[in-house]
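Take a look at the letters that make up each chain.
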Amino acid sequence: MTTITLLVNGKSVRANVEPRTHLADFLREELNLTGTNLGCEQGVCGACTVQIGGAPARSCIAFAVACDGGELRTIEGFDDDPLMAQLRNAFSAKHALQCGYCTPGMLITAHDIATRLPDADEARVRYELAGNLCRCTGYVGIVRAVMQVLDARRGVGGR
Amino acid sequence: MKAPRFEYLKAASCAEAVHHLARSDGAGKPVAGWQSLGPMLNLRLAQPELLVDITGIVELTSVTREPAAIVLGACISHAAIEDTRVPDVTQGLLPFAAHGIAYRAVRNRGTVGGSLAHADPAADWISLMALLDAQYLVRGPAGPRTVACADWMQGAFTTTLASDEILTGVRIPALSASARWSYHKFNRKPGEFAHAIAAFVVDPERGVTRGVIGATDGAPHVIDDATALLDAWHPDLAAQTLVAAGIAPGTYEHQIHAAVLQRASRELSHARKRAA
């Protein structure tokens, strides 16, 4: 066991971890932050995407022990985030989820797109979303939701 | 889908990392971004007894400008290259390629050195370093050594790196302002590993007309003088080149590599025309 100290959703956390524990298991099992979902556990599906040091990352192939001293933000950490509120509303309005399993990872990625690429067009949004798999919606609703938020933030109406 | 047990140590210096690896007697591995090793651990394709985290070594995240080159520390992320948070000396080639590696969430963590040490033939950097004639900077118990790119990769997932050595950085020659490049890879979906890679660079000021064929079964195939493949498209010459790269004729791999090689050749011709 190794003792680590992390800032998780703004709160300082101290815990003992085995090196083999990946970050998603640590968040879900130790901190009860079950908003982060595990799909493939090999870095492909994107369901477990969280922010590490402010940037999106796969929590299934990050290891808790290696995040010592770092800053994490999970989907639970965006409750008061105005951009995430916009994205959540747009996901509802545009039917961007059915079962909801991919949604936390989709939202973290969508938040990154809106922050980093405010001028993205639909093709770019699709490219940037390629690392998050959804097996229900076929992506049309998700892309529309992200575009609605981008347009709203650019001051463009209608969609 | 859970990693096997391993010991984890974070090294503060290259000497410390090398010391830990040397005492593990081949059962240890350096780790940086975890983006290839993480899945391999979860799938238990890799079962190291010791992982030595090298991301805390300041030298490995640094960038050094030299008169005719740049040295990128091994722990620089793909995203840092994509965003040109590190200077680009390749007229946009490295940022372009970085943007096509996996997904942003992976690029934020994955490192240039990790990718090169992993030596997946279908990865981007291993082919591009061969194209650009980069040098690999290695540190081991006997001190530093420099490896020419032709000597780095010995086969799929196999490099010259010994079990008690770490890759500290890569020296990338600067392209002239008049240099032109093309880079083409084929994936069935964005972000997956390439089925075929071809790239060219023409840098008249430095006397370079080079090509590379990547995503083969082994090390990338460098074409030292690519003039004939660029001046006009000769299917027979392309086929010969692909066979020399170890890609058997009459296969899917041959067809897809031929198409990618032709596209990269055409893209470079267009780049030259635009510049003229």
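Residues numbered from 1 in each chain as written. Chains lettered and ligands numbered in written order. Predicted model: local features only at pLDDT ≥ 70, side-chain atom pairs only at ≥ 80, totals over all residues.

**Remarks on helix α5 (residues 140–154) of chain A**
Residues and elements named next belong to chain A.
Logical step 1: If you check α5, its first and last C-alpha atoms are 21 Å apart, about what 15 residues at 1.5 Å a residue would give, namely 21 Å.
Logical step 2: Those residues of α5 that fall on the buried side of the exposure criterion are Ile142, Ala145, Val146, Met147, Gln148, Val149 and Leu150.
Logical step 3: Summarising the contacts, the buried residues of α5 are in contact with α2 (82–93), α3 (103–116) and α4 (122–128).
Logical step 4: Looking one or two residues past α5, Gly155 carries a phi angle of roughly 80°, positive in sign. (Helix = DSSP H or I, 4+ residues; strand = E, 2+ residues; numbered from the N terminus. Expected span 1.5 Å × (residues − 1). Buried ≥ 20, exposed ≤ 12 C-beta atoms within 10 Å, placed from the backbone. Contact = placed C-beta atoms within 7 Å.)

**So, the domain arrangement of chain A**
All names here are of chain A.
Logical step 1: Each assigned domain of chain A is listed with its residue range as follows: domain 1 (2–77) and domain 2 (81–154).
Logical step 2: Each of domain 1 and domain 2 has a C-alpha centre, and the two are 22 Å apart.
Logical step 3: Sorting elements by how many residues they give to the side of domain 1 that touches domain 2 places strand β3 (residues 49–52) first, with three residues. (Domains from an automatic or database assignment.)

**Details of the sheet that holds strand β1 (residues 7–10) of chain B**
Note on sheets: strands pair through backbone hydrogen bonds, and any given pair is parallel or antiparallel.
All names here are of chain B.
Logical step 1: Taken in spatial order, the three strands of this open sheet run β1-β3-β2, and their pairing is parallel. The open sheet is flanked by β1 and β2 (28–31), the only strands paired with a single partner. Between one strand axis and the next, the sheet turns by 25° as a mean value, whatever way the strands run.
Logical step 2: Relative to strand β3 (residues 50–53), β1 runs parallel, the two sharing four bridges. Note on β3: the bridge partner recorded for Lys10 is Asp53. (Pairing = 2+ DSSP bridges. Axes fitted to C-alpha atoms, helices over the stretch in contact; angles between N-to-C directions.)

**Digging into the packing of α2 of chain A against α3 of chain A**
All names here are of chain A.
Logical step 1: Where α2 contacts α3, the axes come no closer than 10 Å and their chain directions differ by 125°. Comparing their axes, α3 and α2 come out oblique. With respect to the hand of their crossing, α2 and α3 are arranged in right-handed fashion. Together, Leu83, Met84, Leu87, Arg88 and Phe91 of α2 and Thr103, Leu107, Ala110, His111 and Ala114 of α3 make up the contact between the two elements.
Logical step 2: Here the residues of the contact of α2 with α3 are counted per class, giving seven nonpolar, two polar and one charged. (Parallel < 35°, antiparallel > 145°, perpendicular 65-115°, else oblique. Left-handed = near helix turned anticlockwise from the far one by under 90°. Nonpolar A, V, L, I, M, F, W, Y, C, P; charged D, E, K, R; others polar.)

**Quick notes on the packing of α3 of chain A against α5 of chain A**
All names here are of chain A.
Logical step 1: Where α3 contacts α5, the two axes come as close as 10 Å, and the packing angle between them is 35°. Our pair here, α3 against α5, has a crossing hand that is right-handed. Packed against α3, whose contacting residues are Met106, Ala110, Ile113 and Ala114, the element α5 presents Ile142, Val146, Val149, Leu150 and Arg153 at the interface.
Logical step 2: Its residues placed into classes, the contact of α3 with α5 shows eight nonpolar, no polar and one charged.

**A closer look at the nonpolar core**
Across soluble globular proteins, nonpolar side chains show a tendency to be buried alongside one another.
Logical step 1: Core analysis: the largest hydrophobic core is formed by 132 residues, its most contacted members being Leu116, Met129 and Ala199 of chain B.
Logical step 2: Not counting chain neighbours up to four residues away, the residues in contact with Met129 of chain B comprise Leu116, Ala134, Cys149 and Val170 of chain B. (Core = buried A, V, L, I, M, F, W, Y, C linked by C-beta atoms within 7 Å.)

**Notes on the interface of chain B and chain A**
Logical step 1: Counting residues at the interface gives 24 residues for chain B, matched by 25 residues for chain A.
Logical step 2: Elements supplying a minimum of two residues to the side of chain B that touches chain A: β1, α2 (37–42) and α5 (104–107) of chain B.
Logical step 3: By residue class, the composition of the side of chain B that touches chain A is 12 nonpolar, five polar and seven charged.

**Side note on the domain arrangement of chain B**
Residue and element names in this part refer to chain B.
Logical step 1: Taken domain by domain, chain B consists of domain 1 (7–53), domain 2 (63–173) and domain 3 (180–275).
Logical step 2: In this structure, domain 2 and domain 3 have C-alpha centres spaced 20 Å apart.
Logical step 3: Contacts between the two partners involve 21 residues from domain 2 and, on the opposite side, 19 residues from domain 3.
Logical step 4: Of all the elements in the fold, those that place two or more residues in the side of domain 2 that touches domain 3 are α4 (93–99), α7 (124–132) and β8 (153–155).
Logical step 5: For the side of domain 2 that touches domain 3, the element with the highest residue contribution is α7, accounting for six residues.
Logical step 6: Grouping the constituent residues of the side of domain 2 that touches domain 3 by class yields 15 nonpolar, five polar and one charged.

**Considerations on the pairing of strand β4 (residues 63–66) of chain B**
Logical step 1: With four bridges connecting them, β4 of chain B and strand β5 (residues 69–73) of chain B associate as antiparallel partners. Within β5 of chain B, the position partnered with Glu66 of chain B by the bridge is Ala69 of chain B.

**Re the sheet that holds strand β4 (residues 55–58) of chain A**
All names here are of chain A.
Logical step 1: Across the sheet, five strands lie side by side as β2-β1-β5-β3-β4; this open sheet has mixed pairing. The sheet is open, and its two edges are formed by β2 (11–17) and β4, each paired on a single side. On average, each strand axis in the sheet is inclined to that of its neighbour by 40°, with strand direction left out of account.
Logical step 2: Against the sheet, α3 engages β3 and β4, with an angle of about 45° to β3.

**A few points about α3 of chain A**
Logical step 1: For α3 of chain A, spanning 14 residues, the distance from its first C-alpha to its last is 19 Å, which sits close to the expected 20 Å at 1.5 Å a residue.
Logical step 2: With respect to burial, α3 of chain A is a largely interior element, 11 of its 14 residues being buried.
Logical step 3: Among the residues of α3 of chain A, those classed as buried are Thr103, Pro104, Gly105, Met106, Leu107, Ile108, Thr109, Ala110, His111, Ile113 and Ala114 of chain A.
Logical step 4: Tucked inside the fold, the buried residues of α3 of chain A contact β3, β4, α2, α4 and α5 of chain A together with α5 of chain B.

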